[in-house]
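# Coordinate inspection notes
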Amino acid sequence: MSDEIQKQLAIDTHSDQAELFANRYEVINQNPYQNSFVYSRKRLNEWLDKYIPADGKGLKMADIGCGTGYHLRRYYDRGFEITGVDGSEEMLKQARIANPGIEFIQTDVDTVPLPSETYDYTLCIEVLRYLPDILPCLKEIKRVTKKGGTALITAAPTFQSTLYPIVNKIVMMKKKSNLTQLKQYFHTAGELREASQKAGFTDIEIHGVYGGNSIWLDRLLPVVVPPFLKVWDHVDNLTADAPILKNFSNMFLIVAKY
Ligand SMILES: C[S@@+](CC[C@H](N)C(=O)[O-])C[C@H]1O[C@@H](n2cnc3c(N)ncnc32)[C@H](O)[C@@H]1O
């Protein structure tokens, strides 16, 4: 399958799941330990907030692959001037309903119609994992970010403890599956560092956001997930970003500047 068809398939799959995706975020404020999805976002929010100031007045942010707009809403509420872009009109429909007043543009993340060197903060959350080639998107993120600004980008680790890269391969070989059949792309910290350098970033940190295997507990034993995750959060504080161990985390956060 060509890269272009693969990319379109990722966008179409998200279009089909747009409503589901919007609903998944709804419980995060009630109980961030309810399931592994909201837990992952709780951990990520804490990481993002280490780099993004509490007061966004006078600051610009772009969210590349913004989906239903969950992340940009958090920062809009803090006063940032925000633009969201995504390839899926259905995802953007949900984003527009939830976020009146924010500008949204439908586009491929490899060719973003935003001005160069404009944004103090550029987010790209859970998008690289759907791209056969991450370099064009990273180049666009670098291009739109101001010199001295910060890009915050997540990626899916090759050696993650969920073993999801292997599962994704198996699911793709099956004719039918009750897991989403969409090929995903996984990267090592070294590959992400090299690609970020090629894109033009010079100051690059790569962090592990969360670890563990709760994604499988979600499916097998959902009732034990909230108490387990509450305890696991403390373990994650010690291990998810520890040297060597971070390579086995389930999400990388790239913090990149130039
Ligand atoms: C897992 S969702 C993440 C959405 C949002 N960043 C979040 O964290 O809630 C991935 C998003 O990337 C978008 N996407 C994937 N490939 C894309 C591409 N080539 N161009 C534009 N958007 C793309 C999908 O439409 C989807 O909204």
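Scroll up a little and you will see the structure.
Predicted model only: the values in this text are computed from it and were never measured. (Residues numbered from 1 in each chain as written. Predicted model: local features only at pLDDT ≥ 70, side-chain atom pairs only at ≥ 80, totals over all residues.)

## What to know about the overall build of the chain
- A count of helices and strands for the chain gives 10 helices and seven strands.
- On C-alpha atoms alone, the chain measures out to a radius of gyration of 17 Å, which is about the 18 Å that the 2.2 N^0.38 rule sets for 258 residues.
- Referenced to the eigenvectors of the C-alpha coordinate spread, the extents of the chain come out at roughly 45 × 40 × 40 Å.
- Sorting the 258 residues of the chain into buried and exposed places 40% on the buried side.
- When contacts within the chain are restricted to residue pairs at least 6 apart in sequence, long-range pairs at least 24 apart make up 71% of them. (Helix = DSSP H or I, 4+ residues; strand = E, 2+ residues; numbered from the N terminus. Rg over C-alpha atoms; globule rule 2.2 N^0.38 Å. Buried ≥ 20, exposed ≤ 12 C-beta atoms within 10 Å, placed from the backbone. Contact = placed C-beta atoms within 7 Å.)

## Looking at the nonpolar core
- Counting 59 residues, the largest nonpolar core has Met 61, Ile 64, Cys 124, Val 127, Cys 137 and Ile 153 as the members making the most contacts within it.
- Contacts of Ile 153, omitting those with residues within four sequence positions, involve Cys 124, Leu 128, Ile 141, Ile 254 and Ala 256. (Core = buried A, V, L, I, M, F, W, Y, C linked by C-beta atoms within 7 Å.)

## A few points about the site of the ligand
- The immediate surroundings of the ligand are formed by 19 residues, with His 14, Gly 65, Gly 67, Gly 87 and Ser 88 found nearest.
- Those elements that place two or more of their residues in the shell around the ligand are helix H1 (3-16) and helix H4 (70-76).
- In terms of residue count, H1 provides more of the shell around the ligand than any other element does, four residues in total.
- When its residues are assigned to classes, the shell around the ligand shows nine nonpolar, six polar and four charged. (Near = placed C-beta within 6 Å. Nonpolar A, V, L, I, M, F, W, Y, C, P; charged D, E, K, R; others polar.)

## Things to note about unusual backbone geometry
- Although it is not a glycine, Leu 163 sits at a positive phi angle of roughly 60°.
- Since 12 C-beta atoms lie within 10 Å of it, Leu 163 is described here as exposed.
- Phi at Ile 244 is positive, roughly 65°, even though this residue is not glycine.
- With respect to the helices, strands and loops of the structure, Ile 244 is situated in the loop between helix H10 (225-239) and strand S7 (252-257).
- Overall, Ile 244 belongs to the exposed group, with 7 C-beta atoms counted inside 10 Å.

## What to know about the sheet that holds strand S1 (residues 60-64)
- Read across the sheet, seven strands follow the order S3-S2-S1-S4-S5-S7-S6 without closing on themselves; strand pairing throughout is mixed. For this open sheet the edge positions go to strand S3 (103-106) and strand S6 (203-208), each flanked by a neighbour on one side alone. Going across the sheet, the axis of each strand differs from the next one's by a mean of 15°, ignoring polarity.
- Alignment of strand S5 (residues 145-155) against S7, held across five bridges, turns out to be antiparallel. Across the sheet, residue Thr 154 finds its bridge partner in S7, namely Leu 253.
- Together, S5, S6 and S7 form the strand contacts of helix H3 (residues 36-51), whose direction differs from that of S5 by roughly 170°.
- The strands touched by helix H5 (residues 89-98) within the sheet are strand S2 (81-86) and S3, with S3 carrying the most contacts at an inclination of about 175°. (Pairing = 2+ DSSP bridges. Axes fitted to C-alpha atoms, helices over the stretch in contact; angles between N-to-C directions.)

## Focus on the environment of Leu 217
- Following the sequence through the fold, Leu 217 ends up in helix H9 (residues 214-220).
- Exposure remark for Leu 217: the 18 C-beta atoms within 10 Å place this residue in the partly exposed category.
- The spatial distance from the C-alpha of Leu 217 to the C-alpha of Ser 36 is 8.5 Å, given a sequence separation of 181 residues.
- Setting aside its immediate chain neighbours within four residues, Leu 217 contacts Val 224, Val 225 and Phe 228.

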